[in-house]
Amino acid sequence: MQDQRHRRRRWVPTGVLVLILAFLGLASGGPAFGESASAAPAGPSAGIFDGDTIGGVSVDDVVSALGTNHVAVIGTTASESELAQIAQQARDGGVNLSIVSLKTRLTSKDAQTLAGEIKARVGGTVLVLTPDSAAQYSDELSGSQQSAAEAAVKAAGGDDVSAARAYMESATAKPFPWSLVVIGLVALVVIGAIVYGVIGRNRRKKADHEALADLTLGLGKRLQVLAPLMLTITSRIGLVDRPDLADRFNRASGDYTRLGGVVATPLTSRAEVDRTAAEIATVEKTLDDIDRQLDTLLPGLEGPSPAG
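Notes on the structure follow. Given the structure is predicted, the values throughout are model-derived calculations rather than measurements.

A few words on the overall build of the chain. Across its full length, the chain holds 9 helices and 6 strands. Counting only residues that meet the buried cut, the chain has 38% of its 308 residues in that class. Residue pairs at least 24 apart in sequence account for 74% of intrachain contacts in the chain once pairs closer than 6 positions are excluded. If you sum the accessible surface of the chain, you get close to 16,700 Å²; carbon and sulfur atoms cover 58% of it.

Laid out in structure tokens, this is it:
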């Protein structure tokens, strides 16, 4: 095979499906280099013509020529040593590559069938290079990897060594870590949600604390309003012989003093506010009732003014 030659290959875009499969990381054992899956050999006997011969090329001869260096150079001037080095570099990179360089002109379909037959016998990944076509078959490379390797071979042009090297470099290249990017994005979203939640909770707590402080202040003012009434009842309660009123007043006075201590600092919950408000309402009602009874028992007797 000449060192510099142009191969006529048919390249069919893999389209959106390959992109989806590549993103999901699904490995594809199907053909690349422009052939559809239906055109690929399904097993060792598919696509065989004239008794294990495809387009005039003996599958047995090719497999035998691969030998231990995983390279078969049949009728071409391609450097077997350079191709063997490329095959070894691919294997060092995790791709079990076998390279076939043929002088025989094969159609794209025959080259694909030959690659599949060889892969069925030796496994791994097979690259077939002919003057008119190039084909690959792999049970190791994903659809996106095969597509990228196909493009690399097409761009390399030239001789079989250049094409094989381009294929190897593409096939063994480390793919972009999309999974890490996705994981990173998910982590950022989760962290953002947590931070947002914490900030929101802190804001709500601050708003609740301010609201509770205002409510507590309002309760304190209600108690302050009762101070003059406490004073006038205190000045008159001893003037009547009503132990029951005195007892009620003492209890209400004790609750008044206790509640003053309760509202001295902001209450910590709405439930506590509601409970304290109910207790103040009870004291208000009790003191008002005692005051009215004293007005009845001591008509015309006014209690002292708040100023004394």
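Let us look at the pattern of salt bridges. Counted under the stated rule, the structure contains 15 salt bridges. Residue Asp-247 is joined to Arg-251 by a salt bridge in which the shortest nitrogen-to-oxygen separation is 2.1 Å. Residue Asp-247 and its partner Arg-251 are located together in helix 8 (residues 243-262), separated by 4 residues, close to a single helical turn. Overall, the relative accessible area of 48% leaves Arg-251 in the partly exposed class. Of the charged contacts, one joins Arg-258 and Asp-255 as a salt bridge, the two residues approaching to 3.6 Å between their closest N and O atoms. Of the two residues, Arg-258 and Asp-255 both sit in helix 8, 3 residues apart, roughly one turn of that helix. Exposure remark for Arg-258: the relative accessible area of 38% places this residue in the partly exposed category. According to the relative accessible area criterion, Asp-255 is partly exposed, its value standing at 31%.

The next subject is the side chain of Ser-142. Tracing the backbone through its elements, the reader meets Ser-142 in the loop between strand 6 (134-138) and helix 5 (143-156). For Ser-142, the side chain forms a polar contact with the side chain of Ser-144, separated by 3.1 Å.

Rules and cut-offs
Residues numbered from 1 in each chain as written. Predicted model: local features only at pLDDT ≥ 70, side-chain atom pairs only at ≥ 80, totals over all residues. Heavy atoms only, no water. Helix = DSSP H or I, 4+ residues; strand = E, 2+ residues; numbered from the N terminus. Buried < 20%, exposed > 50% of the residue type's maximum accessible area, 1.4 Å probe, protein only. Contact = heavy atoms within 4.5 Å. Areas by Shrake-Rupley, 256 points an atom, 1.4 Å probe, with all protein chains shown as cover. Salt bridge = Lys/Arg side-chain N within 4 Å of Asp/Glu carboxyl O. Polar contact = N/O pair within 3.5 Å; in protein donor to acceptor, adjacent residues only side chain to side chain.

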